[in-house]
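Analysis of the macromolecular model
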Amino acid sequence: KAGVTQTPRYLIKTRGQQVTLSCSPISGHRSVSWYQQTPGQGLQFLFEYFSETQRNKGNFPGRFSGRQFSNSRSEMNVSTLELGDSALYLCASSLLPGATNTGELFFGEGSRLTVL
Amino acid sequence: TQLLEQSPQFLSIQEGENLTVYCNSSSVFSSLQWYRQEPGEGPVLLVTVVTGGEVKKLKRLTFQFGDARKDSSLHITAAQPGDTGLYLCAGAGPGTYKYIFGTGTRLKVLA
């Protein structure tokens, strides 16, 4: 079956702009979570959605937002971009919400954002 | 705040050597997972451990969950260049929906 698909794979933006990233989970998976990965901070949890509801949110400013659609596809948006937002943004899908299920998180290849 | 510290941060070894990677926390986790990430790809699950003291083996990889469910280790026997990658532990705390990822161990196995 098809894996987790993230688009775009690479993008370059300038400070102050906004960006929207998309994630299509594995068919049948209803949970989508987003992570930011940087060399200095590692993999940090942004938020998780299950059945169109945000279940949990990490410690990121309000400039970071997300949503999930009825088909489980998810988008995340970052407004007023800062240089420090440059990172690999990873999306992961699973059948059920993270900690209620010890099953696997399936990750996409990520969207690499560069902010100039 | 739950934190997962991994050690060492970087490890470069020769093919055939053994190594152990540690994942430590002061918090209790209901389950803990190990992932491997290769350049240009997302992390891929290696194993999930849920019971304190549990030991799981995956070919040359041995995973152990601490008795108190606060720490874990990954031991690789006779490392091969194909083991090269970023190893991440991830813990799920009781009552939360989010996985906390460790700081990562970047392993390079030289042929």
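Everything numeric here is computed off the predicted structure, so don't read it as measured data.

Calculation notes
- Residues numbered from 1 in each chain as written.
- Chains lettered and ligands numbered in written order.
- Predicted model: local features only at pLDDT ≥ 70, side-chain atom pairs only at ≥ 80, totals over all residues.
- Heavy atoms only, no water.
- Helix = DSSP H or I, 4+ residues; strand = E, 2+ residues; numbered from the N terminus.
- Rg over C-alpha atoms; globule rule 2.2 N^0.38 Å.
- Buried < 20%, exposed > 50% of the residue type's maximum accessible area, 1.4 Å probe, protein only.
- Contact = heavy atoms within 4.5 Å.
- Pairing = 2+ DSSP bridges.
- Axes fitted to C-alpha atoms, helices over the stretch in contact; angles between N-to-C directions.
- Polar contact = N/O pair within 3.5 Å; in protein donor to acceptor, adjacent residues only side chain to side chain.
- Phe/Tyr/Trp six-rings, centres within 6.5 Å; stacked < 30°, edge-to-face > 60°.

So, the overall build of chain A
A count of helical and extended segments in chain A gives zero helices and 11 strands. What you see in chain A, going N to C, is helices and strands ordered as β-β-β-β-β-β-β-β-β-β-β. Taken over C-alpha atoms, the radius of gyration comes to 13 Å for chain A, in line with the 13 Å a tight globule of 116 residues would show. For chain A, the C-alpha atoms occupy an extent of roughly 40 × 25 × 25 Å along the three principal directions. Classification of the 116 residues of chain A by burial places 50% in the buried group. Sequence separation of 24 or more characterises 56% of the internal contacts of chain A that already satisfy a separation of 6 or more.

Details of the pairing of strand β5 (residues 44-49) of chain B
Residues and elements named next belong to chain B. The element β5 is largely enclosed, with a buried count of five among its six residues. Here strand β4 (residues 31-37) runs beside β5; their pairing, made up of five bridges, is antiparallel. Following the sheet pairing, Q33 is matched in β5 by T48. Connecting the antiparallel pair β4 and β5 is a turn made up of six residues, with G40 showing a positive phi of about 80 degrees.

Looking at the sheet that holds strand β3 (residues 19-24) of chain B
Residues and elements named next belong to chain B. Taken in spatial order, the five strands line up as β1-β3-β8-β7-β6 in an open sheet, and their pairing is antiparallel. For this open sheet the edge positions go to β1 (5-7) and β6 (55-58), each flanked by a neighbour on one side alone. Between one strand axis and the next, the sheet turns through 15 degrees on average, direction left out of account. Examined bridge by bridge, β3 and strand β8 (residues 71-76) share six bridges and lie antiparallel to one another. Looking at β8, one finds that L19 is bridged to I76.

Topic: the side chain of N77(A)
Residues and elements named next belong to chain A. Of note, N77 is situated in strand β8 (residues 74-78). A distance of 3.3 Å separates a polar side-chain atom of N77 from the backbone oxygen of V19. In contact with N77, other than residues within four places in its own chain, are Q18, V19, T20, R63, F64 and S65.

Concerning the packing of aromatic side chains
Centre distance and the angle of the planes are the two values used to describe a pair of aromatic rings. Per the counting criterion, the structure on display carries nine aromatic pairs over all chains. Between the aromatic rings of Y35(A) and F107(A), the centroid separation amounts to 5.8 Å while the plane-to-plane angle is 50 degrees, which identifies the pairing as tilted. You can see Y35(A) sitting in strand β4 (residues 31-38) and its partner F107(A) sitting in strand β10 (residues 106-107), a full 72 residues away along the chain. In this pair, the class of Y35(A) matches that of F107(A), namely buried. On the numbers, 5.7 Å between centres and 90 degrees between planes, the contact of F107(A) with Y35(B) is edge-to-face.

Digging into unusual backbone geometry
What is expected of a backbone is that most residues other than glycine have negative phi and most peptide bonds are trans. Following T7(A), the chain continues into P8(A) via a peptide bond in cis, with omega recorded as -10 degrees. Looking at the secondary structure, you find P8(A) in the loop between β1 (5-7) and β2 (10-13). Cis geometry is adopted by the peptide bond preceding P8(B), which originates at S7(B) and carries an omega value of -5 degrees. For P8(B), the position within the fold is in the loop between β1 and β2 (10-14). Even without a glycine there, the phi angle at S51(A) is positive, about 50 degrees. Counting through the fold element by element, S51(A) comes out in the loop between β5 (42-50) and β6 (53-57). Backbone geometry at T80(A) places phi at a positive 45 degrees, although glycine is not the residue there. Within the secondary structure layout, T80(A) lies in the loop between β8 and β9 (87-94).

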